[in-house]
Amino acid sequence: MASFDDISINTMIGGGSAFYGDLRVSGGMMIDGDVDGNIEISGNIIVAERARVRGNITAKSAIISGIVIGDIRAPESIKLMSSSTVIGDVSTRKLHVADKVVLHGHCISIADQERYEKEDAVQSQSKEIRNKAFVR
């Protein structure tokens, strides 16, 4: 189902490490520590079982085994492993959800590229409108 053809990892945040702030990475990334901020990656991301991410993730593909509190947008594929928890929306063309996954949010998974892009844009616009409607 959802597998990586390119598993190269350019950047890693190891276990016991914590990063605060937004990240922009060219290539692939693995997270085994804590990240508090948005992550934008041109390649693939792996969020390991002990990892915790509080922020939105944008990548080519994603394998999630840890905790993500934020939205995940990975047009190629998203694979949620049995140990994962995602509190946020997911958007992809291929979605694999294992047993015992916690997923709380909206989900778009449409194989057709054109339809996926249209629905993804609608979801993004709706979320922006909702966020602007509420004063924090």
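Each remark here, short or long, concerns the structure printed above.
All values derive from a computational prediction rather than experimental measurement. (Residues numbered from 1 in each chain as written. Predicted model: local features only at pLDDT ≥ 70, side-chain atom pairs only at ≥ 80, totals over all residues. Heavy atoms only, no water.)

Things to note about the overall build of the chain
Across its full length, the chain holds one helix and 18 strands. With the C-alpha coordinates of the chain rotated into their principal frame, the extents come out at 40 × 35 × 30 Å. When burial is assessed residue by residue, the chain has 38% of its 136 residues classed as buried. In the chain, the proportion of contacts linking residues at least 24 apart, taken out of those at least 6 apart, comes to 9%. Element-wise, carbon and sulfur atoms account for 50% of the exposed surface of the chain, whose accessible area totals about 7,900 Å². Taking the average place of the 16 positive charges on the side chains of the chain and the average place of its 18 negative ones, the gap between the two points comes to 3 Å. (Helix = DSSP H or I, 4+ residues; strand = E, 2+ residues; numbered from the N terminus. Buried < 20%, exposed > 50% of the residue type's maximum accessible area, 1.4 Å probe, protein only. Contact = heavy atoms within 4.5 Å. Areas by Shrake-Rupley, 256 points an atom, 1.4 Å probe, with all protein chains shown as cover. Lys, Arg positive; Asp, Glu negative; His and termini not counted. Charge placed at Lys NZ, Arg CZ, Asp CG, Glu CD.)

Considering the pattern of salt bridges
In total, this model carries five salt bridges according to the counting rule given. We note a salt bridge from Asp32 to Arg50, for which the minimum N-O separation is 2.6 Å. Here the residue Asp32 occupies a position in the loop between strand 4 (29–31) and strand 5 (34–36), and Arg50 occupies one in the loop between strand 7 (44–47) and strand 8 (52–54), the gap between them amounting to 18 residues. One salt bridge in this structure joins Arg54 and Asp36, with 3.2 Å as the shortest N-O distance. Note that Arg54 is positioned in strand 8 and Asp36 in strand 5, a separation of 18 residues in sequence. (Salt bridge = Lys/Arg side-chain N within 4 Å of Asp/Glu carboxyl O.)

Topic: the sheet that holds strand 8
Reading across the sheet, the six strands line up as 2-5-8-11-14-17 and stay open at both edges, with parallel pairing between neighbours. Every interior strand has two partners, whereas the edge strands, strand 2 (18–20) and strand 17 (102–104), have only one. Strand-to-strand twist across the sheet, computed as the mean angle between neighbouring axes with direction ignored, equals 5°. Relative to strand 11 (residues 67–69), strand 8 runs parallel, the two sharing three bridges. Bridge assignment links Arg54 to a residue of strand 11, and that residue is Ile69. (Pairing = 2+ DSSP bridges. Axes fitted to C-alpha atoms, helices over the stretch in contact; angles between N-to-C directions.)

Thoughts on the nonpolar core
Of all hydrophobic cores here, the largest spans 24 residues; its most connected members are Ile39, Ile45 and Ile72. Other than its neighbours up to four places away in sequence, Ile72 contacts Ile57, Ala62, Ile64, Ile78, Val86, Asp89, Val90 and Ser91. (Core = buried A, V, L, I, M, F, W, Y, C linked by side-chain atoms within 4.5 Å.)

Here's the deal with unusual backbone geometry
For Lys100, which is not a glycine, the phi torsion comes out positive at approximately 70°. Take Lys100: it is sitting in the loop between strand 16 (95–97) and strand 17. When its relative accessible area of 76% is taken as the criterion, Lys100 is described as exposed.

Here we look at the sheet that holds strand 6 (residues 39–41)
As summarised here, the arrangement of the six strands in space is 3-6-9-12-15-18, forming an open sheet in which the pairing is parallel. The sheet is open, and its two borders are formed by strand 3 (23–25) and strand 18 (107–109), each paired with just one other strand. Direction of pairing for strand 6 relative to strand 9 (residues 57–58): parallel, over a ladder of two bridges. Across the sheet, residue Glu40 finds its bridge partner in strand 9, namely Thr58.

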